[in-house]
Amino acid sequence: MNQKTQSLFEAWKEEFNACRDELTELDSVGGDGDLGIVMMDGFQYLHDEITAVGESDLGKLFYTAGKLFNKAASSSMGTLLSCGFMECGKRLKGKQTLSQPDLIILVEGMAEGVERMGKAKEGEKTFLDAIYPALRAMKEHAQSDCTVMMEAAQSAARQGVINAKEMKAVHGRLAFRGEGSIGITDPGSVAAYHFVNAITSAVRKWDHE
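Predicted model only: the values in this text are computed from it and were never measured.

Engineer: Quick one: what's the story with the packing of helix 3 (residues 35-50) against helix 4 (residues 58-72), residue by residue and with numbers?
Structural biologist: The description of two packed helices rests on the angle between their axes and on the distance between the axes. It is the contact of helix 3 with helix 4, at a shortest axis distance of 9 Å, that shows an interaxial angle of 135 degrees. Comparing their axes, helix 4 and helix 3 come out oblique. Judged by the sense of rotation from one axis to the other, the crossing of helix 3 with helix 4 is right-handed. Here Met39, Asp41, Gly42, Phe43, Tyr45, Leu46, Glu49 and Ile50 of helix 3 lie close against helix 4, whose contacting residues are Leu61, Thr64, Ala65, Leu68, Phe69, Lys71 and Ala72. When its residues are assigned to classes, the contact of helix 3 with helix 4 shows 10 nonpolar, two polar and three charged.

Here you go:
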């Protein structure tokens, strides 16, 4: 594994360790209250195991990441992200290092993998409502440098979280509240924001290496 890829997994580990309490508090409102721990444990385990794999093919690496994440993060969100990582693996097959276009492939693979497994769509107050705006921003800024592109994605994901708050939940325990779910921040969308934010942090480090 090259330094760029390793720094990405390190960024995810650090991000989800830092946001554990935030996600736990948000998930306590309409879920099991375990999302913060699940995400922290999942990305910690993923980092520790994947960095020891020694695989240079990004496709195999991210496909393996999906299997590993599912093992450590035994929850509905863990399953969704596992499918997302495996979809990334399929799309990055044969790649050796992450280029700027590959970051778009990575985020798109995660979004579409989660969408397919969760049988959800944008506008239903989920992870997708932050990651898809981020993806669109990445495509819109694909001709800018990598940091500018990711900062635009980060901003779009943050706005996605704000927009999702005013949506009616369709999936998960929050959906049982019906109209009462409107005005509640969706923890899944916040998790998607942190997923994108970590990539942004990693890219900033790439610029200084």
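Engineer: Describe the side chain of serine 189, naming the residues involved and giving the relevant values.
Structural biologist: By secondary structure assignment, the location of serine 189 is in helix 9 (residues 187-206). Every residue in contact with serine 189, bar those within four places of it in the chain, is listed here: Thr126, Phe127, Ala130, Val161 and Ala164.

Engineer: Mind laying out the packing of helix 2 (residues 20-30) against helix 9, listing which residues take part and the relevant values?
Structural biologist: It is the contact of helix 2 with helix 9, at a shortest axis distance of 9 Å, that shows an interaxial angle of 160 degrees. As judged from the angle between their axes, helix 2 and helix 9 are roughly antiparallel. Every pair of crossing elements has a handedness; the one defined by helix 2 and helix 9 is left-handed. Along its contact with helix 2, which presents Glu22, Leu23, Leu26 and Asp27, the element helix 9 presents Pro187, Val190, Ala191 and His194. Tallied by class, the residues present in the contact of helix 2 with helix 9 amount to five nonpolar, one polar and two charged.

Procedures and definitions
- Residues numbered from 1 in each chain as written.
- Predicted model: local features only at pLDDT ≥ 70, side-chain atom pairs only at ≥ 80, totals over all residues.
- Heavy atoms only, no water.
- Axes fitted to C-alpha atoms, helices over the stretch in contact; angles between N-to-C directions.
- Helix = DSSP H or I, 4+ residues; strand = E, 2+ residues; numbered from the N terminus.
- Parallel < 35°, antiparallel > 145°, perpendicular 65-115°, else oblique.
- Left-handed = near helix turned anticlockwise from the far one by under 90°.
- Contact = heavy atoms within 4.5 Å.
- Nonpolar A, V, L, I, M, F, W, Y, C, P; charged D, E, K, R; others polar.

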